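These are the residues of each chain, in order.
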Amino acid sequence: MATTELKSEDLYTPCDTDQLGFETTEGVEVSERIIGQPRAVEAVGFGIDIRQDGYNLFALGPAGTGKRSLIRQYLDQRAPDEAAPNDWCYVNNFEQEHKPLAVSLPAGKGRQFRDDMNQLVEEIRGALGQAFESEEYQQQQNKLQEQFARQQSEKLEQLQEKARQKGLALLRTPQGIVFAPMDETGEPMSPDKAQKLPEDKREQFEADAKELQKQMQELMEQAPREQREARRQLKELNRRFAEQAVGSLIQEVRDKYGDHEAVATYLDALREDLLNHAEEILKLQQARESQGQDQQQKARLAMISPSDAEEALLRRYRVNLLVGNDPEDGAPVVYENNPTYQNLIGRIEHRAEMGTLQADFHLIKCGALHRANGGYLILEAIKLFMHPYAWDGLKRCLQSGQVRVESLGKSYGLISTETLEPAMVDLGVKVVLLGSRQLFGLLQQLDPEFTELFKVPADFAVDMDRAGNEPTYAQLIATLAQKDELHPFDKGAIARVIEHSSRLAGDAQKLSIHMRSVADLLQEADYWAGDSGNAAVTVDDVQKAIDAKQRRCDRMRERIDEEIQRGTIQIATDGQRVGQVNGLSVFPFADVLFGRPNRITARVRMGGGEVVDIEREVALGGPIHAKGVLILSGFLSGRYASDMPLSLSASVVFEQSYSGIEGDSASAAELCALLSAVANLPLRQSLAVTGSVNQHGDLQAIGGANEKIEGFFDICRRRGLTGEQGVLIPESNVQHLMLRSDVREAVDNKEFHVWSVATIDEAVELLTGVSAGEPDAQGNFTEDSVNGKVAARLRAMAEQRREYGVPDRRAPEN
């Protein structure tokens, strides 16, 4: 069979620097164009444009593909052209103070309303002070007080005159007011002298005193009613003067916001409440003026100063601006990095007063949903699910179209005491979740509400076509370099970055758009350019950055290579061996992949047709690896045992493997080892094999081809390249090759070889040096071919098994 030995030009696809169109990135126009994500851009545009409920977005793709940057760039370009959303304020509810009211105003008006109300409060403070200190008020207040005192005095004088006419004197004692007989001089008699009066006269005095005492009692009972009336009149006086002082001030603000019914209603309620509390404000102002007289005593008693009490009372008339927007800024775009329940929904803070925690509407703080209301909210899905109740809270708000600020305890019925219950804020926001494909799939399966709320998936690709896009990619690199203020990159450095991007994509015909990896490479190359004193980043600086990163991450690879050189890990790179082959695998560290060889062995004996995967039997093999081994049974049965029972028992194992194995990329190597064991043909140990195989013997592409080839090359180079060593890869993997320069140089010098093979027959011919053989018209192979030897050995096993009288479980009944 014709196998293809690859040349160095097949192992690497260089970038043509002439097509880049510039010598360095200095002066290259910065491009805001989004490249490589047409599907995601279309999905984002659709999700943003459609305004029906539930059309929020989920941007899915691996971390580092630029999901957040693309979404943010798209929204930052679009949001300024949209109308700025309304402001939201919380104001006092004078009827139910634990239920603050939410007021919506056009963008910019909320901040203006808050400032106007602050100014109004200060004007009210001064206006009330002037009104209550005015001469007119003092006169009317004194008049009321004097009128009340005069009424009380006149009634008392009238009663005293009645007592005098009856010969009795009115006396004030610690026990109250009493009446006593008077002598000829008009002075109260002593008790002894009163006892000496004639009995009839004494009885008359006692009767008169009793009557007067009754009238006195009636007078005292009338006093509280008269006091209440006096207070009512004083309160009415205060209210009238307060109305005169602040009515015009409040009306001025009301006229300014007359188009907003909620504000007008609130100001009407504020006017009524202020007039009702005018007397209290007056007392606090009077106390404030005299507070310095006993300041030390109040400090000792930890009392609230009159000025603080006055401010606390006037605080009820101020405004809490929850969200203020600039009308010139357009729609808000908010990225919440820490999406806890409180950071999303908002929170109610508390302040300590006299040993207790108090809350009012000024302590209501907005959440990300409030800030993004009328615009766009970007959240990392994995961070959202790391915080308890955050996902439930977000869903509840999106479903109801409103945001209620409440504590978690209140929301879930864990707190029964009364707390603030702010009015709900109407919500109109477009939410964009960023997450992985796995998380997206889990949400679709496990949460039925997810698909109702996030109907637009934006699937981000990890690579883009290389053909025709290298100049565009170069402009992207130039844009990143200029934005990060890096050294300019010359065209050789740009070409090397593009070539490495194909290596990152694992495909010579693709370019990686894992932007974090590309940006990291640019920054590290910039560092090495500065370290070398270069004015521009060169290809050597880029290569040094690539090598340095590899060096930082390859301690484990070096340790494995060392153990292979010392023979602790047994890998042969020369000679021949039956039933033994070098397979290739990759292992990751951080975001770097390394390749390494693995010894794979197979043993066969007569049996019932099973191929035992030892890794699977001891739970070290994953399901995909187990599938690959089971395919071997299908291949053997289909090619060699179509007319007889498959009468072998085989075991296949990765030698010296002490951890899990997954994937089917070693199934071609396992099949080669198995065929070698059956045919008793030795395999060249100077070669390594990678690739998966199907039941027809066709080799299929695998991942990590570059790393696997380089991993085996490094082992061979350390032992000494003989010109016999090499790697067999599936033909479909040739298009993925972007090998290191030292590997390509060894291939040019015929010191190392890379073959592409399409079938298992081509692989075993290279490994054994024996023709695989082609079936004739009857399906028989020549005896000296690999397939002929395998078929003969399997037929012999079937006959031996029949001779032993072992029934074939799979044979059809007669």
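Owing to the predicted nature of the structure, the values given are computational and were not obtained by experimental measurement.

**Thoughts on the overall build of the protein**
Within the protein one finds 29 helices and 30 strands. Relative to a compact globule of 814 residues, whose C-alpha radius of gyration would be 28 Å, the protein shows 47 Å and is clearly more extended. The principal-axis extent of the C-alpha atoms belonging to the protein is close to 165 × 75 × 50 Å. Taking all 814 residues of the protein together, the buried fraction comes to 49%. Long-range pairs, those at least 24 residues apart, make up 77% of the contacts in the protein between residues at least 6 apart in sequence.

**Description of the sheet that holds strand β24 (residues 648-654)**
On the basis of which strands lie adjacent, the open sheet formed by eight strands has the order β1-β30-β29-β26-β21-β22-β24-β23 and mixed pairing. Whereas interior strands pair on both sides, the edge strands pair on one side only; in this sheet they are β1 (4-5) and β23 (611-613). With three bridges connecting them, strand β26 (residues 687-689) and strand β29 (residues 726-730) associate as parallel partners. Paired with Leu 687 across the two strands is Gly 726, which belongs to β29. Running at roughly 55 degrees to strand β22 (residues 592-606), helix α21 (residues 539-553) makes contact with β21 (580-589) and β22 of the sheet.

**Side note on helix α25 (residues 667-679)**
Along an α-helix, a turn takes 3.6 residues, which lines up residues three or four apart on a common side. Its 13 residues give α25 an end-to-end C-alpha distance of 18 Å, which sits within 8% of 18 Å, the value for a rise of 1.5 Å per residue. Among the 13 residues of α25, 13 are classified as buried, and the element is accordingly described as predominantly covered. Looking one or two places after α25, you find Asn 680, whose phi comes out positive at around 60 degrees.

**Topic: the side chain of Arg 316**
With respect to the element layout, Arg 316 can be found in the loop between α10 (306-315) and β7 (320-323). Of note is the side chain of Arg 316, whose polar atom sits 2.7 Å from the side chain of Glu 97. Only 3.0 Å separates the side chain of Arg 316 from the side chain of Asp 273, close enough to count as a polar contact. Excluding residues within four positions of it along the chain, Arg 316 makes contact with Asn 92, Phe 94, Glu 97, Tyr 266, Asp 273, His 277 and Phe 361.

**Some thoughts on helix α14 (residues 390-400)**
Listing the buried residues of α14 in full gives Ala 390, Trp 391, Gly 393, Leu 394, Lys 395, Cys 397 and Leu 398. A positive backbone phi angle near 70 degrees is found at Gly 401, which sits one or two residues after α14.

**What about the sheet that holds β7?**
Read from one edge of the open sheet, three strands run β4-β3-β7, paired in antiparallel fashion. Two strands in the sheet have a free side with no partner beyond their single neighbour: β4 (101-105) and β7. Sheet twist, expressed as the average angle between the axes of neighbouring strands with direction ignored, equals 30 degrees. Sheet analysis places strand β3 (residues 87-91) next to β4, joined by five bridges and oriented antiparallel. Its bridge partner lying in β4, Trp 88 is registered against Ser 104. Along the sheet, helix α3 (residues 109-133) makes contact with β3, β4 and β7, crossing β3 at roughly 30 degrees.

**Remarks on the packing of aromatic side chains**
This structure, assessed with the given rule, holds 17 aromatic pairs. On the numbers, 5.8 Å between centres and 35 degrees between planes, the contact of Phe 587 with Phe 594 is tilted. By the burial criterion, Phe 587 is buried, and Phe 594 matches it. Within the aromatic cluster, the residues linked to one another by ring pairs are Phe 58, Phe 385, Trp 391, Phe 440, Phe 450 and Phe 454. Taking the ring centre of Tyr 335 as reference, the NZ or CZ of Arg 68 above it sits at 4.5 Å. Between the NZ or CZ atom of Arg 744 and the centre of the ring of Tyr 12, over which it lies, the distance is 3.9 Å.

**A closer look at a negative patch on the surface**
Residues Glu 9, Asp 10, Glu 745, Asp 748 and Glu 751 make up a contiguous surface patch of negative charge. For Glu 751, a relative accessible area of 33% puts it in the partly exposed group.

**A short note on the nonpolar core**
Counting 50 residues, the largest nonpolar core has Leu 636, Leu 648, Leu 675, Leu 728, Ile 760 and Leu 794 as its most contacted members. In terms of residue count, the dominant contributor to this core is α25 (10 residues). Each residue touching Leu 728, except ones within four places of it in the same chain, is listed here: Leu 687, Ala 688, Val 689, Thr 690, Trp 755, Val 757, Ala 763, Leu 766 and Leu 767. Core analysis: the next-biggest nonpolar cluster, separate from the first, contains 41 residues, Val 246, Tyr 266, Leu 270 and Ala 278 among them.

**Focus: unusual backbone geometry**
Unlike most non-glycine residues, Ala 590 shows phi in positive territory, near 55 degrees. Along the chain, Ala 590 turns up in the loop between β21 and β22. Its relative accessible area of 64% is what places Ala 590 among the exposed residues. One non-glycine residue, Ala 619, adopts positive backbone phi at about 65 degrees. Relative to the helices and strands, Ala 619 is located in the loop between α23 (614-617) and α24 (623-640).

**A few points about the packing of helix α22 (residues 555-566) against helix α26 (residues 705-719)**
The N-to-C vectors of α22 and α26 enclose an angle of 45 degrees; their axes lie 11 Å apart at closest approach. Considering the angle they form, α22 stands oblique to α26. Classified by chirality, the crossing of α26 by α22 is right-handed. Residues Arg 557, Asp 561, Ile 564 and Gln 565 of α22 pack against Asp 714, Ile 715, Arg 718 and Arg 719 of α26. The class makeup of the residues in the contact of α22 with α26 is two nonpolar, one polar and five charged.

**Some details on the packing of α3 against helix α4 (residues 135-165)**
Two numbers describe how α3 lies on α4: the axes approach to 5 Å, and their chain directions differ by 55 degrees. Overall, the two elements α3 and α4 adopt an arrangement that is oblique. Listed contacts from α4 to Ala 131, Phe 132 and Glu 133 of α3 are Glu 135, Tyr 137 and Gln 138.

**Remarks on the confidence of the model for the protein**
On average, residues of the protein carry a pLDDT of 87, and 92% of them reach 70 or more. Contacts of residues 810-814 to residues separated by more than four positions or lying in other chains number three contacts, the stretch itself having pLDDT below 50.

Reading guide: rules and limits
Residues numbered from 1 in each chain as written. Predicted model: local features only at pLDDT ≥ 70, side-chain atom pairs only at ≥ 80, totals over all residues. Heavy atoms only, no water. Helix = DSSP H or I, 4+ residues; strand = E, 2+ residues; numbered from the N terminus. Rg over C-alpha atoms; globule rule 2.2 N^0.38 Å. Buried < 20%, exposed > 50% of the residue type's maximum accessible area, 1.4 Å probe, protein only. Contact = heavy atoms within 4.5 Å. Pairing = 2+ DSSP bridges. Axes fitted to C-alpha atoms, helices over the stretch in contact; angles between N-to-C directions. Expected span 1.5 Å × (residues − 1). Polar contact = N/O pair within 3.5 Å; in protein donor to acceptor, adjacent residues only side chain to side chain. Phe/Tyr/Trp six-rings, centres within 6.5 Å; stacked < 30°, edge-to-face > 60°. Lys NZ or Arg CZ within 6 Å of the ring centre and 35° of its normal. Patch = residues over 30% accessible without salt bridge, like charges linked within 9 Å, V, L, I, M, F, W, Y side chains within 5 Å. Areas by Shrake-Rupley, 256 points an atom, 1.4 Å probe, with all protein chains shown as cover. Salt bridge = Lys/Arg side-chain N within 4 Å of Asp/Glu carboxyl O. Lys, Arg positive; Asp, Glu negative; His and termini not counted. Charge placed at Lys NZ, Arg CZ, Asp CG, Glu CD. Core = buried A, V, L, I, M, F, W, Y, C linked by side-chain atoms within 4.5 Å. Parallel < 35°, antiparallel > 145°, perpendicular 65-115°, else oblique. Left-handed = near helix turned anticlockwise from the far one by under 90°. Nonpolar A, V, L, I, M, F, W, Y, C, P; charged D, E, K, R; others polar. pLDDT = per-residue confidence, 0-100.

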